[in-house]
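Okay, here's what each chain looks like letter by letter:
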Amino acid sequence: MSITLDQLNDAPIGEAAKLLDGLYEHSPWIAQQALTARPFASLAQMKHAMARVVAESGRDAQLALIRAHPELAGKAMVSQSLTAESALEQNKAGLTQCSPAEFEKIHQLNAAYNEKFGFPFILAVRGPRGTGLSRQEIIDTFERRLQGHPDFERAECLRNIHRIAELRLNDKFGVAPTVGNMVWDWHEELAQFSDPGYREKGQLTVTYLTEAHRACAAQIHAQMLDCGFDEVSLDAVGNVVGRYRSGNKEARTLLTGSHYDTVRNGGKYDGRLGIFVPLACVRALHAQDRRLPFHLEVLAFAEEEGQRFKATFLGSGALIGQFNTAWLDQKDADGITLREAMTGAGLPIDDITKLTRNAADYLGFVEVHIEQGPVLNELDLPLGVVTSINGGVRYLAEVIGTACHAGTTPMDRRSDAAAAVAEVVLFAEQRALRDGDSVATVGQLLVPNGSTNVVPGRCQFTLDMRAPIDAQRDAMVNDVLTELAAICERRKVRHTLEETMRAAAAPSAPQWQQRWEQALSTLGVPLHRMPSGAGHDAMKLHEVMPQAMLFVRGQNAGISHNPLESTTSDDMQLAVQAFSLLLDQLASES
């Protein structure tokens, strides 16, 4: 029989601990210590409480916890001495049906991993949806993580142990993230469409107005209709627009959504999560035959990534009147102009100017997005509230010295352009660290026509600097550029500098940020506020209306713009619940 939260909260601590037996392999102390934090308002709160117990337990206790787990397809499985929970999980992943070659491969990987790290490889083999990873996915993950740093691997093993415990806890309570599973499946279905050259390799790439892009739009259009939207249309730039009408025709509108294009060889959740979460909410409203006191408009923005043409935010920018007609003459790598691509897709270019929204008709814009970073993952938190989208400045720079013979030129007589840039790279790193939440990146370094035996005479590089507040960013930029000039003066080289991009920070509107915070409080999810280092469609809408974002934890250290980008159906479920609570708050205020 399933446990209830009330039953767990009310039971004597000894009895409650027995109810949770088996969550953490041979480690009942975790649940016992977490139970001192009762009462729990939700399973999410309880899961985090147990994760905090482990985080605060110290390195020795953490290693003991990891070592309490059996090897995958190891001796314990063969001798049938696994715990019931581990036996179920390894069986669900098909590890009991390994071919001889697979078994031998896993055996070799186990041995290599133990030798390198001194503890067993831990993986939540039931996967992000709880239905089990394939044996090949397990082997691929094993091989990748075998290359990791020991400190990272210890933390990654613990994160997977928490995921294992989360799934076991769901089993004990008889709960399943059914809505999260549905949203997870929607992402998988949309990921079947990919551009030629990538699709054949099993890679996801959807660039603006390709065949795959248009297929994505058609699928989202059909899903919106299936979820119960009253109106669904494709606008003049390819945005899919769904509208769920209020019972009050004169009501204002809440705007939400994100983009469905991807970077090349990207992930399945970047952008798309912010489309599917509100779709799930509308689906529930329609099933309840419930109308809100405001209209809800969900946009699947056609373009945000700038991958095919040198123009970004084509989808959200068009809504605020920022479509530059000069872009129409840009050509992609195949020589096709943006105008030709849009005309070929049947988009009415002359109607683009009609897309501009009247901000007075809108309450604001909210966006759900996968975090694209490691913070929530490291904190064992499923959701985070965004305080600001960082403002950024980018530069293309070059240091010019003197190319000369590497063997005959004494060290104190060189004008080494690359050495000067190396100093700049390290200074930018240290200067950003000083702020705590600024970032500075030299993403490209090039010594043109460089040779092994030649002192570099030129070094080209990029600078990308971001911070949550423009004044903070500008102070960092000033310090870095001042130091660049000083380094060049001291090293007797010169430099050039071209600003290639400047974007203002987009602080979250306080009232809207508070609504997200209240939603997390209601769910029992500990509150974590954080800036967004990446740009989002919300930063465009910010120019004309209040906005606020909700982040969802990513797996695999939060990696994004990468095939390893991932999140769980449990976290998706919480995101849907948070969005629904925000809608309820807004309805109660109307």
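Small disclaimer: the values here were computed from a predicted structure and weren't measured.

Student: Break down the pairing of strand 12 (residues 458-467) for me, with residues and values.
Tutor: Most of strand 12 is tucked away: 7 of the 10 residues are buried. In this sheet, strand 12 lies alongside strand 9 (residues 439-441) in antiparallel orientation, the contact comprising 3 bridges. Directly across from Thr441, in strand 12, lies its bridge partner Asp464. Taken together, the 2 bridges between strand 10 (residues 445-446) and strand 12 define a ladder with antiparallel strand orientation. From the neighbouring strand, Leu445 faces strand 12, where its bridge partner is Phe461.

Student: Quick rundown of the state of the cysteines? Include the residues and the values.
Tutor: By definition, a disulfide links the sulfur atoms of two cysteine residues through a covalent bond. Counted under the stated rule, the structure contains 0 disulfides. Left without a disulfide partner, Cys227 is nearest to the cysteine sulfur of Cys281, which lies 10 Å away. Here Cys227 falls in the buried class, since its relative accessible area comes to 1%.

Student: So, the nonpolar core: which residues are in play, and what are the values?
Tutor: Counting 81 residues, the largest nonpolar core has Tyr208, Met342, Leu383 and Trp516 as its most contacted members. Phe40, Val53, Ala93 and Ile122 belong to the second largest nonpolar core, which has 53 residues in total.

Student: How would you summarise the packing of helix 11 (residues 178-190) against helix 13 (residues 273-287) if you had to cite specific residues and measurements?
Tutor: Where helix 11 contacts helix 13, the axes come no closer than 10 Å and their chain directions differ by 135°. When the axes of helix 11 and helix 13 are compared, the pair comes out oblique. The crossing of helix 11 and helix 13 is right-handed. Two secondary-structure elements touch here, helix 11 through Val179, Met182, Val183, Trp186, His187 and Leu190 and helix 13 through Leu273, Phe276, Leu279, Ala280 and Arg283. Class assignment for the residues of the contact of helix 11 with helix 13 results in 9 nonpolar, 1 polar and 1 charged.

Student: Can you lay out the pattern of salt bridges for me, pointing to particular residues and giving the numbers?
Tutor: Summed over the entire model, instances satisfying the criterion amount to 40 salt bridges. Between Lys47 and Asp570 there is a salt bridge whose closest N-O contact spans 3.9 Å. One end of the pair, Lys47, is in helix 4 (residues 43-55); the other, Asp570, is in helix 21 (residues 569-589), and 523 residues separate them in sequence. Three or more residues are tied together by salt bridges with common partners; here these are Asp470, Arg473, Asp474, Glu499 and Arg502.

Student: So what's going on with unusual backbone geometry? Residues and values would help.
Tutor: Note that the residue after Arg38, namely Pro39, is joined by a cis bond; omega there is 5°. Looking at the secondary structure, you find Pro39 in the loop between helix 3 (29-34) and helix 4. Even without being a glycine, Ala557 presents a positive backbone phi close to 65°. Topologically, Ala557 is positioned in the loop between strand 16 (547-552) and helix 21. Assessed through its relative accessible area of 24%, Ala557 is described here as partly exposed. In this structure, His561 takes a positive phi of about 55° despite not being glycine.

Student: Got a sec to walk through helix 19 (residues 510-523)? Specific residues and values, please.
Tutor: Residues that lie three or four places apart on an α-helix share one face, since the helix turns once every 3.6 residues. Helix length check: helix 19 (14 residues) gives 20 Å between terminal C-alpha atoms against 20 Å at 1.5 Å per residue, within 8%. For helix 19, the set of buried residues is Trp512, Gln513, Arg515, Trp516, Glu517, Ala519, Leu520 and Leu523. Directly beyond the C-terminal end of helix 19, a positive phi value near 80° is found at Gly524.

Student: Help me get a handle on the packing of helix 17 (residues 417-435) against helix 18 (residues 470-491), residues and values and all.
Tutor: Packing of helix 17 against helix 18 leaves a shortest axis separation of 10 Å and a crossing angle of 155°. Here helix 17 lies roughly antiparallel to helix 18, going by the angle between them. Seen from above, helix 17 lies across helix 18 with right-handed handedness. Across from Ala419, Ala420, Glu423, Val424, Phe427, Ala428, Arg431, Ala432, Arg434 and Asp435 in helix 17, the residues of helix 18 making contact are Gln472, Ala475, Met476, Asp479, Val480, Glu483, Leu484, Ile487, Arg490 and Arg491. Partitioning the contact of helix 17 with helix 18 into residue classes produces 11 nonpolar, 1 polar and 8 charged.

Student: Give me the environment of Arg67: which residues, what numbers.
Tutor: With respect to the helices, strands and loops of the structure, Arg67 is situated in helix 5 (residues 59-67). C-alpha separation for the pair Arg67 and Thr325, spaced 258 residues apart in sequence, amounts to 61 Å. Residues contacting Arg67, with those up to four places away along its chain left out, are Gly118, Phe119 and Pro120. A distance of 3.0 Å separates a polar atom in the side chain of Arg67 from the backbone oxygen of Gly118.

Student: Please give an account of the packing of aromatic side chains that cites residues and values.
Tutor: Inspection of every chain in the model, using the stated rule, returns 10 aromatic pairs. Seen from their ring centres, Tyr113 and Phe119 are 6.0 Å apart, and the 70° between their planes marks the pair as edge-to-face. Accessibility classification places Tyr113 together with Phe119 in one group, the buried group. Between Tyr113 and Phe142, the aromatic rings sit 6.0 Å apart at their centres with planes inclined by 75°, giving edge-to-face as the arrangement. One end of the pair, Tyr113, is in helix 8 (residues 100-117); the other, Phe142, is in helix 9 (residues 135-145), with 29 residues separating them in the sequence. In this structure an aromatic cluster arises from ring pairing among Tyr113, Phe117, Phe119, Phe121 and Phe142. Geometry around Tyr244 places Arg291 over its ring, the cationic atom sitting 4.3 Å from the centre. It is Arg515 that lies over the ring of Trp512; its NZ or CZ is 4.3 Å from the centre.

About the cut-offs
Residues numbered from 1 in each chain as written. Predicted model: local features only at pLDDT ≥ 70, side-chain atom pairs only at ≥ 80, totals over all residues. Heavy atoms only, no water. Buried < 20%, exposed > 50% of the residue type's maximum accessible area, 1.4 Å probe, protein only. Helix = DSSP H or I, 4+ residues; strand = E, 2+ residues; numbered from the N terminus. Pairing = 2+ DSSP bridges. Disulfide = S-S within 2.5 Å. Core = buried A, V, L, I, M, F, W, Y, C linked by side-chain atoms within 4.5 Å. Axes fitted to C-alpha atoms, helices over the stretch in contact; angles between N-to-C directions. Parallel < 35°, antiparallel > 145°, perpendicular 65-115°, else oblique. Left-handed = near helix turned anticlockwise from the far one by under 90°. Contact = heavy atoms within 4.5 Å. Nonpolar A, V, L, I, M, F, W, Y, C, P; charged D, E, K, R; others polar. Salt bridge = Lys/Arg side-chain N within 4 Å of Asp/Glu carboxyl O. Expected span 1.5 Å × (residues − 1). Polar contact = N/O pair within 3.5 Å; in protein donor to acceptor, adjacent residues only side chain to side chain. Phe/Tyr/Trp six-rings, centres within 6.5 Å; stacked < 30°, edge-to-face > 60°. Lys NZ or Arg CZ within 6 Å of the ring centre and 35° of its normal.

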